[in-house]
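# Remarks on the overall topology
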Amino acid sequence: MESNQSSGVLKLALILVLLGQGASQMMSDFEMCGTWNHGTSGNLWFDVSTGCGTVTVAANETTLSIQGSIMGTCKNSSTIPLTLGEGEIRFCVYWEPLLDLLQVKVGERIHTLCKTAALQKSCCSSLSRKGNTNASGTFGISNGSIKGDVIEGRLQESYTFFGEREDCYKDLCAEHHAQLIEQLALRSGVIGQVDLPCAHVSTKKLEKGFQGFKVDIQAPEKNPLRNEPPPVSVWLPASLVPSEEGGATVVFTYYAENTLFQGPEDRILDGVVGISVENRVIASLPDPVKIVFHHGPVAKNESTKCVFWDTKKDPTNVTWRDEGCNTIRRQEETECRCDHLTYFAILVELNPGSPVDDLEALTYITSVCCAISLCSCVALIILHTKALRVTKEESLIPIHRNLAVALLLLCTLFMLTGVLANVAGEGMCRAVGAALHYALLCSFAWMAIEVFAAFWLICQVMNNLPRLRVLNALGFGLPALLVVVFVCINDVYGTRAITPSDDVSSPYKMCWIKDTWRGNLIHFITNVSFSVAVVFAGLVMLSLVLWMLLTRKEWGRTWSTFLSIWGLSCLFGCTWGLGLLLLAPPSRVATFLFCIINSLQGFLLLVRYFMLEWIKKRKSDKEHQSTGSSVCPMIPQGSKTQDQGSRQDLEIHPAPNSTGARTDLEIHLDPE
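About the criteria used
Residues numbered from 1 in each chain as written. Predicted model: local features only at pLDDT ≥ 70, side-chain atom pairs only at ≥ 80, totals over all residues. Heavy atoms only, no water. Helix = DSSP H or I, 4+ residues; strand = E, 2+ residues; numbered from the N terminus. Buried < 20%, exposed > 50% of the residue type's maximum accessible area, 1.4 Å probe, protein only. Contact = heavy atoms within 4.5 Å. Areas by Shrake-Rupley, 256 points an atom, 1.4 Å probe, with all protein chains shown as cover. Patch = residues over 30% accessible without salt bridge, like charges linked within 9 Å, V, L, I, M, F, W, Y side chains within 5 Å. Salt bridge = Lys/Arg side-chain N within 4 Å of Asp/Glu carboxyl O. Pairing = 2+ DSSP bridges. Axes fitted to C-alpha atoms, helices over the stretch in contact; angles between N-to-C directions. Polar contact = N/O pair within 3.5 Å; in protein donor to acceptor, adjacent residues only side chain to side chain.

Turning to the overall build of the protein, a few remarks are in order. Scanning the protein for helices and strands turns up ten helices and 29 strands. Taken over 672 residues, the protein has a buried fraction of 46%. Pairs at least 24 apart in sequence give 70% of the contacts found in the protein among residues at least 6 apart. For the protein, the exposed area adds up to about 32,900 Å²; of that, 55% sits on carbon and sulfur atoms.

Have a look at this one:
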């Protein structure tokens, strides 16, 4: 046991001793500097002992001396020859009571007068100037300063300081010491590990050409007899240090006292891990550093999130951010994959982001409805294709078929996106997300074309619709162009997590537009704005037809009237208007209606198709036997009404044209 304790003390000393560092990089409790005016040769003489009294820094023609009793355990007295030229030289005295470390820098060389074998619980600190003595000749100390502040510009023979006995541990875990411990360990250049009152420090040497390795970081209070996993495991990739470069020293610091880093509104789970590599700024790694926090169960209404503290911006202001880190949640652990090194922690979020109520039920219902719509769209495509073979005349059938194709693609990809997000790689998920976005834009585009075509034909702006190739370019080509542009913009498509309100630790993943500022901007510019435009245009067109119906009371009593209006609302995309109710805090009713109705669009259009077919068969005999009526489809077939001046009654229902093909809306003109 005594051997183990001695080994631990030795490791502590090796880690915390500063070796061969410049003054600009050193950290100490006391720093006294000045200019030594000397002769042609000189020595550094010192005589220090334990206690908490005074220390005197003096200089004459040949000797720079340090004498006093401020040390914790070190007693040392010696003379060090110095190589000096005639004139003057800059020097500094550094004293760190926590480490019992006394060093003197003369010129560019540092001399260690005392170094500790252990941290000092009680030490002589806060050295204050007691007095100074003027020099009688031309030799001595000029421009004396304390931590950069000049205290005497005139030539002095000596400066005397006294200290006070204090508990060194009381400020060891203060916020500024979080970096101090890590920096001291980095500068030591010696491999070892030690447990401090608030941190566990472990220093590893990375040899040239290393291929990566795993480090388990133990908590200071962990009982080694218990079979428990370490609180943190770290995997360093081979790309951390390029193979052509030499080895490096990496320091892992585990701070059990996470309150040192915790802001007033932050809740850090367990401890904080700091990782640093000497003389290197590690960022934008091709292979991420993996930090696994073993924290046990987390409440279902809470979520864990990997965050880091960027000390380079403001070391005194703890602001946790998550840029460059991906969070992988498991049952009792959270893995952080980050492309840089700094301080890492797990931030606990209560109801993070915008959790969705009944997400599991909505996902199941939407999947079932999409499967039904998928089969319905296949049937619609077959039926419309057969109808096109019967007639060569112009009608809306090609537009209906293309809308069914777009809905078929949308339903298929939507059913696969959740599965692929969990089993496929990020590259595949980006491709599926782009394809899903393309299918959605195509569906909106063909709904807009339905509105445009209906308006074109009802108002009879021209006798013929635009060529189908033009409509195809708008319905399929324009969305493809937009998606290609978005793919060229980095970080748009990929895995997106949707958080359920009942278990925020298990988000639903899908391949879609990423939840980034760029992705959200594209979502609102394309999806939201396009859907709003389609819904608005569809409502205008639907209102026009409804107004025509209301002017003829006979229309309101027919099934064909209801089915035509109901079917047109789907064709014109009016059902997407329910999504506007979700922009405000949504109700469960609106959420379920939106998911069910829009997922069943293909099925509803197929039902409308068959219902109109059934109604048409019931009325066809009666309408063809009527001698006082003529049929003029709302979608013109090149015919005109024959009696423009007579009063006409209108009825909306399907009817065959001269070749047997049917349109979706017709007006029967019956003179009085």
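Turning to a nonpolar patch on the surface, a few remarks are in order. Taken together, the side chains of V470, L474, L478, L481, L482, V485 and I489 define a hydrophobic patch exposed on the protein surface, amounting to about 560 Å² of accessible area. As for its position among the elements, L474 is in helix α6 (residues 468–488).

If you walk across this open sheet you meet the five strands as β15-β16-β19-β23-β22, and the pairing is antiparallel. Of all the strands in the sheet, the pair left with one neighbour each is β15 (213–217) and β22 (325–329). Along the sheet, successive strands turn relative to each other by an average axial angle of 15°, direction set aside. As paired strands, β15 and strand β16 (residues 232–236) are joined by five bridges and run antiparallel to one another. Opposite D216, over in β16, you have S233 as the bridge partner.

We now examine the environment of R329. Looking at where R329 falls in the secondary structure, it is placed in strand β22. On the accessibility criterion, R329 (29% relative accessible area) is partly exposed. Of note is the side chain of R329, whose polar atom sits 2.7 Å from the backbone oxygen of T304.

Below, the discussion takes up the pattern of salt bridges. A side chain of one charge can pair with a side chain of the opposite charge if their charged atoms are brought near each other. Under the criterion given, the structure shown has eight salt bridges. Among the salt bridges present, the one from E335 reaches R337, with a minimum N-O distance of 2.6 Å. The class of E335 is buried, set by a relative accessible area of 5%. Through salt bridges with shared partners, a single network forms among E426, D491 and K514.

It is worth stressing that arrangement in space is one thing and function is another; only the former is reported here.
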